[in-house]
Amino acid sequence: MMKKIMTFYDKYLKNSIGLGFLIAISTVLGYMLDKKQQTFRSLPELGWILFLTAILTILTSFVIRFLLKGMTKLRDGQIRTRIGQKEYGNRQVFFFYSSVIFLCWLPVFLAYYPSVFAYDAEGQLYQVLAHDYSTHHPLIHTLFLGAFFRLGGSVFGSYSAGMALHSIVQMLLMAMIFGYALMVLYKERTSYIMRLLLLAFYALFPTNSVLAMSTTKDVLFSGLVLLYVIKMYEWSRQDDGAEHEKRWFRVTLCIISVLMLLFRNNAVYAYVVSLPLVFFFWKRDEKTKQATGHGWTKKDTKAVCFILGTLVLFLICSAGLKQITAAHNGSPREMLSVPLQQMARARVEHEEELENDMREELDLYLPSEWVFAAYNPHLADPVKNRAVIHDNPVGLLKTWMKLGLKFPMTYVDAFLDNAIGYWYLADTSHAEIYGVGTESGFGYLSTDNRTMPAGCEIIENSYLPGLRVFMEKMISDNAYQKIPVLSVIFAPAFYWWLLCLYMVFFFQRREYRMLLPVLFLVVYYLTLLLSPTVLIRYMYPFVVCVPMMLCLISGRKEKTEK
């Protein structure tokens, strides 16, 4: 019996246990929060959680072992990379893929004509109308959205026409970015089956088709992240080293990086923190050691100068946009989402246990008149928007710490519950944050038409109402949750765990260069854990990047055709 067990304990299973444990513990804790609204409060409960985690770790580890073995065969074996014998040029491939994706999105555009005018659109356009800008939303996106809005009103005499033009331009941009990603996969001679699956995913998956015409800033930001990941992959390729010394590549990477940082306020933190990790794994890579040794090289100095130059250019552009628009700083409330959620949960659950002095302290920041009705374990906005934080921020921090020392597990549960959709595969709260239903336009994706002032309305006029009804049933009524197995690809956490699988695979192979493109995503994920809630649009960079990086497992230029 022991011999049979040991035959399974190979390098694949050894490297699967860590990830298997993380998925297992996330599943158990997520289930506890979903069913009991808390993790554990006693030693017997902790023991039961550890027991279930141990059992589930064994099961998940064997599944991951199977996946790692399959990925190894894909990486090392011979695969068919072309459908026919003919070889096509990069431009032909790019045009073909981009055109297919854009054409597949057109019916959805007609169904939602003129656009999916949802999320923060009205707030950003109010800034444009009042000429009163704020850095709460990225200024570059507010100006981008406002340009089409104004164009529609001044040239076409219809703000709806301006939003339709915005949809078409954004669809073209995103289709071209996805087409470029598929062209890179073609050039890298990846499996043609994986390319076709990715093409279908980009073209037909509702998250891609609906967001392509949405007014949220996360769409273009995600496209820029995908371009950044691709460029980092190209930079990491040793056989492409000479190409990367060319000036055009550096200029392109710099422009993409700066735009990416301008389109998301929290991206700069992930960018700065991820770069030391890039250098660390770059220096650990065996090919790098063979080429440069262990010491600091002239190429390292150039890379540091390039990074500093990129950050300086970003700061200049950011300050320039702020100066041109005379924008005022956004509220720091976003950064306090998790602390305020923790304090609110502690008050809601332990009000009777609090001493009078602590209640009086909490009333300064989270008054009892509204906090009990406002607290939502999966959405920080109701508490965050009403909390009093400007009068005494130091006092707020002290109160937060004192309350946390008294109720540490409540703080842990508040943090986990607020971010549950980012790590728990079976979570459905992220699709019900603002409500569910076709009439409201809320659900997995927001498709509600936001209200604008009189004379500036965006008027919906669906040219394919039947398709819209079907799409709304899927993403507003959340009918996708009834689809067995396939429903998992809608879960935000799915793309995080796929990224973890990707990292485990290349880490155990010591191909550290293949980790470099995704390190930004890893750090960016940590910033999402501190965000006010879980929405698929926040995870959209992972949705568009992770499947593409998985396809690159099969991509090596020296591979031959079967």
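Residues numbered from 1 in each chain as written. Predicted model: local features only at pLDDT ≥ 70, side-chain atom pairs only at ≥ 80, totals over all residues. Heavy atoms only, no water.

Visitor: Looking at this structure, I do not really get the pattern of salt bridges. What am I missing?
Guide: Side chains bearing opposite charge may pair, as long as their charged atoms lie close to each other. A full pass over the atoms with the stated rule returns 22 salt bridges. A salt bridge links R509 to D76; its shortest N-O distance comes to 2.9 Å. With a gap of 433 residues between them, R509 in the loop between helix 23 (492-508) and helix 24 (519-528) and D76 in helix 3 (residues 43-76) connect regions that are remote in the sequence. Under the relative-accessibility criterion, R509 is labelled partly exposed at 23%. (Salt bridge = Lys/Arg side-chain N within 4 Å of Asp/Glu carboxyl O. Helix = DSSP H or I, 4+ residues; strand = E, 2+ residues; numbered from the N terminus. Buried < 20%, exposed > 50% of the residue type's maximum accessible area, 1.4 Å probe, protein only.)

Visitor: I'm lost on the packing of aromatic side chains in this one. Help?
Guide: Aromatic rings considered in pairs are described by the distance between their centres and by the relative angle of their planes. Scanning the entire structure with this criterion turns up 33 aromatic pairs. Judged by centre distance (5.7 Å) and plane angle (25°), the rings of W48 and F51 are stacked. Here F51 and W48 lie together in helix 3, a separation of 3 residues that amounts to about one turn. For the pair F221 and Y524, a centre-to-centre distance of 5.5 Å together with 45° between the ring planes defines the contact as tilted. One end of the pair, F221, is in helix 10 (residues 218-236); the other, Y524, is in helix 24, and 303 residues separate them in sequence. Accessibility expressed as a relative area gives 1% for Y524, which makes it buried. Through a chain of ring-to-ring contacts, three or more aromatic side chains come together here, namely F221, Y228, Y271, Y422, W496, F520, Y524, Y525 and F542. (Phe/Tyr/Trp six-rings, centres within 6.5 Å; stacked < 30°, edge-to-face > 60°.)

Visitor: Where do I start with the state of the cysteines in this structure?
Guide: One pass over the full model with this rule turns up 0 disulfides. Distance from the sulfur of C500, which forms no disulfide, to the nearest cysteine sulfur (C545) is 15 Å. C545 provides the cysteine sulfur closest to C551, a residue in no disulfide bond, and the two sulfurs are 12 Å apart. (Disulfide = S-S within 2.5 Å.)

Visitor: How do you make sense of a positive patch on the surface when you look at a structure like this?
Guide: A cluster of like positive charges, contributed by R247, R250, K298 and K302, occupies part of the molecular surface. Elements that contribute at least two residues to the positive patch include exactly helix 12 (247-262) and helix 15 (298-325). Tracing the chain through its elements places K298 in helix 15. (Patch = residues over 30% accessible without salt bridge, like charges linked within 9 Å, V, L, I, M, F, W, Y side chains within 5 Å. Areas by Shrake-Rupley, 256 points an atom, 1.4 Å probe, with all protein chains shown as cover. Lys, Arg positive; Asp, Glu negative; His and termini not counted. Charge placed at Lys NZ, Arg CZ, Asp CG, Glu CD.)

Visitor: Got a minute to help me understand the packing of helix 10 against helix 13 (residues 267-284) in this structure?
Guide: The relative placement of two packed helices comes down to the angle between their axes together with the axis-to-axis distance. Two numbers describe how helix 10 lies on helix 13: the axes approach to 14 Å, and their chain directions differ by 15°. One way to sum up the angle between helix 10 and helix 13 is to call them roughly parallel. In terms of crossing hand, the pair formed by helix 10 and helix 13 is right-handed. Between helix 10 and helix 13, the residues in contact are F221, Y228, M232, W235 and S236 and A267, Y271, L275, V278 and W282, respectively. Counted by class, the contact of helix 10 with helix 13 contains 9 nonpolar, 1 polar and no charged residues. (Axes fitted to C-alpha atoms, helices over the stretch in contact; angles between N-to-C directions. Parallel < 35°, antiparallel > 145°, perpendicular 65-115°, else oblique. Left-handed = near helix turned anticlockwise from the far one by under 90°. Contact = heavy atoms within 4.5 Å. Nonpolar A, V, L, I, M, F, W, Y, C, P; charged D, E, K, R; others polar.)

Visitor: How do you make sense of the layout of surface pockets when you look at a structure like this?
Guide: Any space left empty among the atoms is revealed by the rolling of a water-sized probe across them. Volume-wise, the largest pocket comes out at about 1300 Å³. As for the largest pocket, its lining consists of 45 residues, and the residues nearest its centre are H136, R264, N265, N266 and E334. Looking at the lining of the largest pocket, the elements with two or more residues in it are helix 6 (139-156), helix 12, helix 13, helix 15, helix 16 (337-350), helix 19 (381-386) and helix 24. Counting residues per element, the lining of the largest pocket draws most heavily on helix 15, which supplies 4 residues. When its residues are assigned to classes, the lining of the largest pocket shows 22 nonpolar, 14 polar and 9 charged. Forming the boundary of the second largest pocket are 31 residues, of which L67, F494, L498, L501 and L550 lie nearest the centre. Secondary-structure elements contributing two or more residues to the lining of the second largest pocket are helix 2 (11-36), helix 3, helix 8 (192-204), helix 23 and helix 25 (540-551). In terms of residue count, helix 3 provides more of the lining of the second largest pocket than any other element does, 10 residues in total. (1 Å grid on protein atoms, 1.4 Å probe; cavity = no way out; pocket = protein on both sides within 12 Å on 5 of 7 lines; lining within 4 Å. Points joined across faces, edges and corners; volume = space filled by probe spheres on them.)

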